[in-house]
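Structural description and commentary
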Amino acid sequence: MEPHLLRTVLVTDCGSTTTKALLFERKEDRWYQTFRGEAPTTVEAPVADVTVGALNAFSEVEELSGRNILQEGLELPFIITEGDLTKGIDLYLSTSSAGGGLQMLVAGVVSTITTESAERAALGAGAIVMEAISADDGRQDFERIERIRHLKPDIVLVTGGVDGGSTKHVVEMAETLVAAAPRPRFGDTLKLPVIYAGNAAAAEEVRQILAKIAQVVVVDNVRPQLEREVLGPAREAIHEFFLSHVMSHSPGYGKLMSWSPVPIMPTPAAVGDIVQSYAQRTAQSVLCVDIGGATTDLFSVFPNRDGTSTFNRTVSANLGMSYSIANVLVEAGISQIKRWLPFEFTDTELADRLRNKMIRPTSIPQTIEELWIEQGVCREALRLSLAHHRSLAIGLEGRRERGISDIFRQSSERYELVDLMKLDIVIGSGGVLSHAPSRMQAALMMIDGFGLEGVTQLAVDSIFMMPHLGVFASVHPEGAYEVFENDCLVQLGCAVVPVFPSKLKRIERLAEIFLDGILLGSINCNEVTRFLTPARGEGSLKVVPLHRSIDIGAGAGQIHERRVVFGECGVIVDGRNRPLRPEALGVGAQERVLKNLGLKG
């Protein structure tokens, strides 16, 4: 059916624990998200058929909407709308991260060049990178072989060398892979899917070597030059293998795929697509986080030095709010979590509480103390995942390879893409942010956890529908964007955070804020408060620094002006300098912050 003829679209996201079905409907004025059904995912034994969970979610949508959607005894389980517009659907779509999502092994020659490009290609395609192997990773060959043998990846991506450069090391990497002979996670009788995206001159030799153990596809080099990265062909090959090898051999997915004319997308890839679409349409730099129970995904779109928008995604597979909560404790340290609490707690008691949460991952906070602890953990998970994201989200400027002997000595000029001063909007998703008891709590977690600077718009995903909208956008971009802007994004307001040199003599008032030409008030040093605005609409915000060293995003001492979208949190002003100093945190400081923002009596 032509996109402009669509009226009713049913979309599922088959997650690791739940399958969420959303109904999108075209009304007179625009597309709406109207009804939602949810059921446990059934990809694992004893059911071992993902379509059972999907049908249960469809049933809930049917019951809530009162619309006759399902039918029995036919190949398709739902009615396709024809003459009668009051029943059935026009199209079914789905994303999936069930069974642990797409799991990949990447291999390259130089860890900071080709292996890093391979990681970005795999992450951008929605994969979890189980291991990154490099010729310069400090391990002996037998150690790499032993490590690879312990993995069961869905797909392997092999890269290495710039075009016209040495072929020796990437060929050796292929031989290492053959010696390890890893088996795919699904389909024991099938050969391992391997994508080669390295030096073009080595492609045929690598193909012949790997053909003994793998089904090999050759695509364009992800790093044809040191200063240039080409990730698109590798990502497309990953999506094709994902459908033909991973999805088709997962329990029930063959049937699920037959229900839709559109390929199933990996959930993170769908989220990445809608984030990129939003950044492109609004010409904004975007940071989006999806914090779950086991992992934290970060998506960003920032301009590089030639002005081109660059998308990056990272997944911190060990940072989460339930299954991985103890990892946050270990990685951050107990003192880092305690600094966000507005009450005293012993180290032992806090550690015990977090371990209990890991043992009972589906439990939710029952007291206000448990809520503050959970939100303190969230701040640390956001801080750590952003540090990880910054290490991979880099821009490239470098020199061409000059000779075989130089390969390990060369380094491209790298620069960090994530600049919080230039960040326009941060979008939070995941239960701890989307379902926080107060929107102000969600806003404060993102301000603290990411250490926001300058002027930043704040928003959350209302019911985690970004995966659904990502795959819907592949069919009907306008409809998906209408739902994203009107039903998905919940605008919270904006944060204003001045930054100044730490050696600057203490001054009480940092800046003055004007909204549509009217003075709202001042930003005071070490104080966090807010100014109320209308809950909806837009306005012109002007921030005037009161010292030549204070930067609010337009440069030190410069007035910053921009349009802002209003939200229920208003304008939150944070006078704590960055990075946050110990005196700005702790029990007393946190109590003051929470009271100023109306979060504590």
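Note: the structure precedes this text.
A brief report on the enclosed structure follows.

1. What about the overall build of the chain?
A tally of helices and strands in the chain yields 17 helices and 24 strands. Dimensions of the chain, computed from the C-alpha atoms along their principal axes, are close to 70 × 70 × 50 Å. Across the 601 residues that make up the chain, the buried fraction comes to 57%. Pairs at least 24 apart in sequence give 68% of the contacts found in the chain among residues at least 6 apart. For the chain, the accessible surface area stands at approximately 24300 Å², while carbon and sulfur atoms represent 50% of it. In the chain, 59 side chains carry a positive charge and 74 a negative one; their mean positions are 5 Å apart.

2. Describing the pattern of salt bridges
Applying the stated criterion to the full structure yields 33 salt bridges. Notably, a salt bridge pairs Arg355 with Asp352, separated by 3.5 Å at the nearest N-O pair. With a gap of three residues between them, Arg355 and Asp352 both fall in helix 11 (residues 347-359), about one helical turn apart. Its salt-bridge partner being Glu374, residue Lys357 comes within 3.8 Å of it at the nearest N-O pair. Remark: Glu374 occurs in helix 12 (residues 368-392) and Lys357 occurs in helix 11; sequence separation between them is 17 residues. With respect to class, Lys357 is no different from Glu374; both count as buried.

3. Brief notes about helix 8 (residues 267-282)
An ideal rise of 1.5 Å per residue puts 22 Å on 16 residues; helix 8 measures up with 23 Å between its terminal C-alpha atoms. Taken together, the buried positions of helix 8 are occupied by Thr267, Pro268, Ala269, Ala270, Val271, Gly272, Ile274, Val275, Ser277, Tyr278 and Ala279.

4. Here's the deal with the environment of Glu75
For Glu75, the position within the fold is in the loop between helix 1 (50-65) and strand 4 (91-96). The class for Glu75 is exposed, based on a relative accessible area of 72%. Between the C-alpha atoms of Glu75 and Gly53, which are 22 residues apart in sequence, the distance is 17 Å.

5. Some points on the sheet that holds strand 9 (residues 214-218)
Strand order in the open sheet formed by five strands is 6-5-7-8-9, with parallel pairing between adjacent strands. Each edge of the open sheet is held by one strand with a lone partner, namely strand 6 (127-134) and strand 9. Put simply, the sheet's adjacent strands are angled 25° from each other on average, direction ignored. Relative to strand 8 (residues 192-196), strand 7 (residues 155-158) is paired through three bridges, and the arrangement is parallel. Within strand 8, the position partnered with Val158 by the bridge is Tyr196. Where helix 2 (residues 111-124) meets the sheet, its contacts fall on strand 5 (102-108), strand 6 and strand 7, and the angle it forms with strand 6 comes to roughly 165°. Its contacts with the sheet place helix 5 (residues 203-210) against strand 8 and strand 9, and it is angled at close to 165° to strand 9.

6. Regarding the layout of surface pockets
Considered as a void within the structure, the largest pocket measures approximately 1600 Å³ in volume. Forming the boundary of the largest pocket are 50 residues, of which Thr17, Ile291, Gly292, Gly293 and Gly431 lie nearest the centre. Of all the secondary-structure elements, those providing two or more residues to the lining of the largest pocket are strand 2 (18-26), strand 3 (31-40), helix 8, strand 11 (286-291), strand 12 (296-303), strand 13 (309-316), helix 12 and helix 13 (431-434).

7. Things to note about the sheet that holds strand 11
On the basis of which strands lie adjacent, the open sheet formed by eight strands has the order 13-12-11-16-17-18-24-21 and mixed pairing. The sheet terminates laterally at strand 13 and strand 21 (528-531), the two strands that pair on one side only. The average angle at which neighbouring strand axes cross in this sheet is 20°, direction not considered. Two elements, strand 12 and strand 13, share eight bridges in a ladder whose sense is antiparallel. Paired with Ser300 across the bridge in strand 13 is Asn312. Where helix 16 (residues 477-488) meets the sheet, it contacts strand 16 (425-429), strand 17 (454-461) and strand 18 (489-497), and its direction lies at approximately 70° from that of strand 18.

8. Here we look at the packing of aromatic side chains
Considering all chains together, one arrives at 12 aromatic pairs under this definition. Among the aromatic residues, ring-to-ring pairing joins Phe58, Phe78, Tyr92 and Trp259 into one connected group. Against the face of Tyr481 rests Arg281, its NZ or CZ located 4.5 Å from the ring centre. Against the face of Phe514 rests Lys542, its NZ or CZ located 5.4 Å from the ring centre.

9. Some remarks on the packing of helix 8 against helix 16
One way to put it is that helix 8 packs onto helix 16 with a least axis distance of 11 Å and a crossing angle of 85°. One finds that helix 8 runs roughly perpendicular with respect to helix 16. Facing Ile274, Tyr278, Arg281 and Thr282 of helix 8, the residues of helix 16 in contact are Pro477, Glu478, Ala480, Tyr481 and Phe484. The residue makeup of the contact of helix 8 with helix 16, split by class, is six nonpolar, one polar and two charged.

10. A word on the nonpolar core
Of all hydrophobic cores here, the largest spans 57 residues; its most connected members are Ile291, Leu433, Phe450, Leu458 and Ile572. Phe450 has contacts with Leu287, Val289, Leu298, Leu382, Leu386, Leu420, Val426 and Met445, leaving out every residue within four places of it along the chain.

11. Concerning the pairing of strand 6
Pairing geometry for strand 5 and strand 6, over seven bridges, is parallel. Residue pairing across strands places Ala107 opposite Ile133, the latter belonging to strand 6. With helix 2 bridging strand 5 and the parallel strand 6, this β-α-β connection has right-handed handedness.

12. Some thoughts on helix 6 (residues 232-246)
Over its 15 residues, helix 6 runs 20 Å from end to end, which matches the ideal 21 Å to within 8%, given 1.5 Å per residue. Of the residues making up helix 6, those classed as buried are Ala234, Arg235, Ala237, Ile238, Phe241, Phe242, His245 and Val246. Projected onto a plane normal to the axis of helix 6, the buried residues spread over an arc of 160° and lie on a single side. Summarising the geometry of helix 6, the exposed residues directed more than 90 degrees from the buried face are Glu236 and Glu240.

13. Points about the side chain of Thr114
Note that Thr114 resides in helix 2. Residue classification places Thr114 among the buried positions, given a relative accessible area of 3%. Within the structure, Thr114 has its side chain in polar contact with the backbone nitrogen of Val109 (distance 3.1 Å). Setting aside anything within four residues of it in sequence, one finds Thr114 in contact with Gly108, Val109, Thr159, Gly160, Gly161 and Arg223.

14. Notes on the environment of Asp154
Inspection of the secondary structure puts Asp154 in the loop between helix 3 (141-149) and strand 7. Residue class for Asp154 comes out buried when judged on its relative accessible area of 3%. Residues Asp154 and Leu192, 38 residues apart in the sequence, show an inter-C-alpha distance of 7.5 Å. Apart from residues no more than four positions distant in its own chain, Asp154 is found in contact with Gly101, Leu102, Gln103, Arg185, Phe186, Leu192, Pro193 and Val246. Side chain to side chain, Asp154 and Arg185 meet in a polar contact 2.8 Å long.

The rules behind the values
- Residues numbered from 1 in each chain as written.
- Predicted model: local features only at pLDDT ≥ 70, side-chain atom pairs only at ≥ 80, totals over all residues.
- Heavy atoms only, no water.
- Helix = DSSP H or I, 4+ residues; strand = E, 2+ residues; numbered from the N terminus.
- Buried < 20%, exposed > 50% of the residue type's maximum accessible area, 1.4 Å probe, protein only.
- Contact = heavy atoms within 4.5 Å.
- Areas by Shrake-Rupley, 256 points an atom, 1.4 Å probe, with all protein chains shown as cover.
- Lys, Arg positive; Asp, Glu negative; His and termini not counted.
- Charge placed at Lys NZ, Arg CZ, Asp CG, Glu CD.
- Salt bridge = Lys/Arg side-chain N within 4 Å of Asp/Glu carboxyl O.
- Expected span 1.5 Å × (residues − 1).
- Pairing = 2+ DSSP bridges.
- Axes fitted to C-alpha atoms, helices over the stretch in contact; angles between N-to-C directions.
- 1 Å grid on protein atoms, 1.4 Å probe; cavity = no way out; pocket = protein on both sides within 12 Å on 5 of 7 lines; lining within 4 Å.
- Points joined across faces, edges and corners; volume = space filled by probe spheres on them.
- Phe/Tyr/Trp six-rings, centres within 6.5 Å; stacked < 30°, edge-to-face > 60°.
- Lys NZ or Arg CZ within 6 Å of the ring centre and 35° of its normal.
- Parallel < 35°, antiparallel > 145°, perpendicular 65-115°, else oblique.
- Nonpolar A, V, L, I, M, F, W, Y, C, P; charged D, E, K, R; others polar.
- Core = buried A, V, L, I, M, F, W, Y, C linked by side-chain atoms within 4.5 Å.
- Right-handed = clockwise from strand over helix to strand, strands pointing away.
- Arc of directions from axis to C-beta.
- Polar contact = N/O pair within 3.5 Å; in protein donor to acceptor, adjacent residues only side chain to side chain.

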